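Fold and geometry: a report
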Amino acid sequence: MRIAWGISGAGHLLLESVEVLEKLRERHEIKIFLSSAGEEVARMYGVLERIGSFPLVRESKQGHSFPSCGSFNLGKFDVFVISPATSNTVAKIRLGIADSLLSCCASQALKSRVPLMIVPTDSKPVVETKAPNGETFKIYPRKIDLEHLEALREEGVLVLEHPYDVEKALEQFYGHR
């Protein structure tokens with residue numbers, strides 16, 4: 001399967017997302033789309049080098065029109081996964097705002113009927129997460145953040161709770177291509 005994988009600027013679920021990517025690369029062709037904030041956060045969490053071992057599109061190296069997003073229109077991918085997906089990225093996708101690498105790629109994927117799977121960082125009323133130094137803390141997503149997820153589900157976007165759910169979802173919904 002040809003998987004496009006977006007990484008937004010979240011530390012929550014980032015390490016787990018990279019673990020899943022490394023496992024999936026054994027059986028699938030993967031290209032990572034890395035937001036500018038995702039690049040910063042990956043550096044803080046010490047995984048930028050691991051991410052860099054994949055074919056990679058960096059928002060920081062793209063022009064303002066994000067030409068790499070056209071690959072979705074050209075049928076180069078079977079699925080687009082965004083994990084982790086910040087509430088900012090989720091909101092932009094839900095509202096049709098395509099002014100960043102990931103929101104533009106999601107827009108083009110949906111317009112081209114490429115399935116979109118999202119692993120949001122703000123998926124429940126209370127989220128426990130870790131800072132780069134390992135310190136644990138809680139965040140409390142706003143009602144609007146949860147409403148955006150529900151609206152995307154209604155539009156046919158597959159919203160998953162954890163990166164570890166991605167492999168099973170790929171097998172269940174998209175088969176072994």
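Preceding this section is the structure that the text describes.
One structure accompanies this document, and this report is about it. Keep in mind the model is a prediction, meaning the values are calculated, not measured.

**Focus: helix H1 (residues 14–24)**
All of the buried residues in H1 are Leu 14, Ser 17, Val 18, Val 20, Leu 21 and Leu 24. The buried side chains of H1 occupy one side of the element, clustering within an arc of 160 degrees when seen end-on. At its buried positions, H1 is contacted by strand S1 (2–7), strand S2 (29–34), helix H2 (36–44), helix H3 (48–51), strand S4 (79–85) and helix H8 (166–174).

**Considering the pattern of salt bridges**
Counted according to the given criterion, the structure contains 11 salt bridges. Across the pair Glu 39 and Arg 58 runs a salt bridge, and its minimum N-O distance is 2.8 Å. One end of the pair, Glu 39, is in helix H2; the other, Arg 58, is in strand S3 (residues 56–58), with 19 residues separating them in the sequence. For Glu 39, a relative accessible area of 11% puts it in the buried group. The class for Arg 58 is partly exposed, based on a relative accessible area of 24%. Salt-bridge contacts for Arg 142 lead to Asp 145; the nearest nitrogen and oxygen are separated by 3.3 Å.

**Points about the pairing of S1**
The side chains of a regular strand alternate between both faces of the sheet. Most of S1 is tucked away: five of the six residues are buried. Of the strand pairs in this sheet, S1 and S2 are connected by six bridges, and their pairing is parallel. The residue of S2 that forms the bridge with Ala 4 is Lys 31. Handedness of the crossover is the feature at issue here: the chain leaves S1, passes through H1, returns alongside S2, and the resulting connection is right-handed. Strand direction decides the pairing type here: S1 and S4, joined by four bridges, are parallel. Among the inter-strand pairings, Trp 5 is bridged to a residue of S4, identified as Val 81.

**Digging into the packing of helix H5 (residues 87–95) against helix H6 (residues 101–111)**
Running from amino to carboxyl end, H5 crosses H6 at an angle of 40 degrees, the nearest separation of the two axes being 9 Å. In this structure, H5 meets H6 at a crossing whose hand is right-handed. In contact with Thr 89, Lys 92 and Ile 93 of H5, H6 contributes Leu 102, Ser 103, Ala 106 and Leu 110. Across the contact of H5 with H6, the residue classes tally to four nonpolar, two polar and one charged.

**Details of the side chain of Ser 68**
Residue placement: Ser 68 occurs in the loop between S3 and helix H4 (70–73). Under the relative-accessibility criterion, Ser 68 is labelled buried at 16%. Each residue touching Ser 68, except ones within four places of it in the same chain, is listed here: Phe 33, Val 57, Gln 62 and Leu 101.

**A closer look at the pairing of S4**
Burial within S4 is extensive, with seven of its seven residues counted as buried. In this sheet, strand S5 (residues 116–120) lies alongside S4 in parallel orientation, the contact comprising four bridges. When the sheet's bridge partners are listed, Phe 80 is paired in S5 with Leu 116.

Reading the values: the criteria
- Residues numbered from 1 in each chain as written.
- Predicted model: local features only at pLDDT ≥ 70, side-chain atom pairs only at ≥ 80, totals over all residues.
- Heavy atoms only, no water.
- Buried < 20%, exposed > 50% of the residue type's maximum accessible area, 1.4 Å probe, protein only.
- Helix = DSSP H or I, 4+ residues; strand = E, 2+ residues; numbered from the N terminus.
- Arc of directions from axis to C-beta.
- Contact = heavy atoms within 4.5 Å.
- Salt bridge = Lys/Arg side-chain N within 4 Å of Asp/Glu carboxyl O.
- Pairing = 2+ DSSP bridges.
- Right-handed = clockwise from strand over helix to strand, strands pointing away.
- Axes fitted to C-alpha atoms, helices over the stretch in contact; angles between N-to-C directions.
- Left-handed = near helix turned anticlockwise from the far one by under 90°.
- Nonpolar A, V, L, I, M, F, W, Y, C, P; charged D, E, K, R; others polar.

Function cannot be inferred from these measures alone, as they are strictly geometric.
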